[in-house]
Amino acid sequence: MKICPRCKIKKLMEDFSIDRRQKSGRNPYCKNCINKYCAERGQIPEIRGKRNETSRLKRERIKIETMNAYGGKCKCCNESRTQFLTIEHLNSDGKEDRKNVGSGVCIYYWLKRNGFPKDNYTCLCINCNFSRGMYGYCPHDFEKIFNKTNEPIIPFLLLEFIGNKCIMKRNN
């Protein structure tokens, strides 16, 4: 049993959060008091605004650091504006990663903790990443192939979809 210094009620130890920094191993305040305190502070606009700004800056910094670790530009079209850059899973296992690691900024922290592994990840812009995920190819791939031969792209292009894959064929 323990007394919460805020509400002055004697409660079971389970009513106090675990806090390894404390000598007792439990937070000095009960869970109810902590929840009330956090709710009250969250309603104060100055505190909420400052917290939101701090979080936004942290997310921006980790994204910039991650994108720079993977070349700082899209591997497909060379887009370099960080707002458009994303992480591409080379083995198409993004769904598994999101389940294991989390989504959004969590992947950036995970990549940093693991030394920015290059074997399964690369940097793509959102358009290239979406197109590869949705259609199995990126339009820039076609441009690279056909621009080498200096031929127009559209009249000679025939796409054939087989399962999830898109096959390019010349239409003669």
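Just so it is clear, the model here is predicted, and its values are computed rather than measured.

Criteria and thresholds
Residues numbered from 1 in each chain as written. Predicted model: local features only at pLDDT ≥ 70, side-chain atom pairs only at ≥ 80, totals over all residues. Heavy atoms only, no water. Core = buried A, V, L, I, M, F, W, Y, C linked by side-chain atoms within 4.5 Å. Buried < 20%, exposed > 50% of the residue type's maximum accessible area, 1.4 Å probe, protein only. Helix = DSSP H or I, 4+ residues; strand = E, 2+ residues; numbered from the N terminus. Contact = heavy atoms within 4.5 Å. Pairing = 2+ DSSP bridges. Phe/Tyr/Trp six-rings, centres within 6.5 Å; stacked < 30°, edge-to-face > 60°. Lys NZ or Arg CZ within 6 Å of the ring centre and 35° of its normal. Patch = residues over 30% accessible without salt bridge, like charges linked within 9 Å, V, L, I, M, F, W, Y side chains within 5 Å. Areas by Shrake-Rupley, 256 points an atom, 1.4 Å probe, with all protein chains shown as cover. Salt bridge = Lys/Arg side-chain N within 4 Å of Asp/Glu carboxyl O. Arc of directions from axis to C-beta.

Caption draft 1: Region of interest: the nonpolar core. In terms of nonpolar packing, the biggest core is built from 17 residues, with Y70, C74, I87, L111 and C128 touching the most fellow members. When residues of this core are traced back to their parent elements, those giving at least two are α2 (45–69), β5 (85–89), α4 (106–113) and β6 (121–125). Per-element accounting of this core gives the leading share, four residues, to β6. When residues no more than four places from it in sequence are discounted, the contact partners of C74 are E79, L85, C123, L124, C125 and C128.

Caption draft 2: Representation of the pairing of β5. The buried fraction of β5 is high, at five of five residues. Burial of the side chains of β5 extends over both faces: L85, I87 and H89 are buried on one face and T86 and E88 on the other. The sheet contact formed by β5 and β6 spans five bridges and is antiparallel. In the strand pairing of β6, E88 is matched with T122.

Caption draft 3: Representation of the packing of aromatic side chains in the model. Across all of its chains, the model carries three aromatic pairs by this definition. Relative to F116, the ring of Y70 lies with its centre 6.1 Å away and its plane at 85°, an arrangement referred to as edge-to-face. Of this pair, Y70 sits in the loop between α2 and β5 while F116 sits in the loop between α4 and β6, and the two are 46 residues apart along the sequence. The exposure class assigned to Y70 is buried, which follows from its relative accessible area of 5%. For the cation-ring pair, R6 lies above Y29, with the distance from its terminal atom to the ring centre recorded as 4.3 Å. Between the NZ or CZ atom of K118 and the centre of the ring of Y70, over which it lies, the distance is 4.7 Å.

Caption draft 4: View of a nonpolar patch on the surface. Residues F130, M134 and Y135 make up a contiguous nonpolar surface patch of roughly 350 Å² in combined accessible area. Relative to the assigned elements, F130 resides in helix α5 (residues 126–135).

Caption draft 5: Region of interest: α4. Listed in full, the buried residues belonging to α4 are I107, Y108 and L111. The arc that holds the buried residues of α4, viewed along the axis, is 100°, so those residues lie on one side. With its phi angle positive at about 75°, G115 sits one or two positions after the end of α4.

Caption draft 6: Molecular detail of α5. Among all positions in α5, only C128, N129 and S131 are buried. Buried residues of α5 fall within an arc of 165° about the axis and therefore sit on the same side. Seen from the buried face of α5, the exposed residues on the opposite side, beyond 90 degrees, are N127, F130, G133 and M134.

Caption draft 7: Expanded view of unusual backbone geometry. The phi dihedral of N78 is positive, around 65°, even though this residue is not glycine. Within the fold, N78 resides in the loop between α2 and β5. The partly exposed category is assigned to N78, whose relative accessible area is 48%. Backbone geometry places F116, a non-glycine residue, at a positive phi of 50°. Residue class for F116 comes out buried when judged on its relative accessible area of 14%.

Don't take any of this as a statement about function, it's just geometry.
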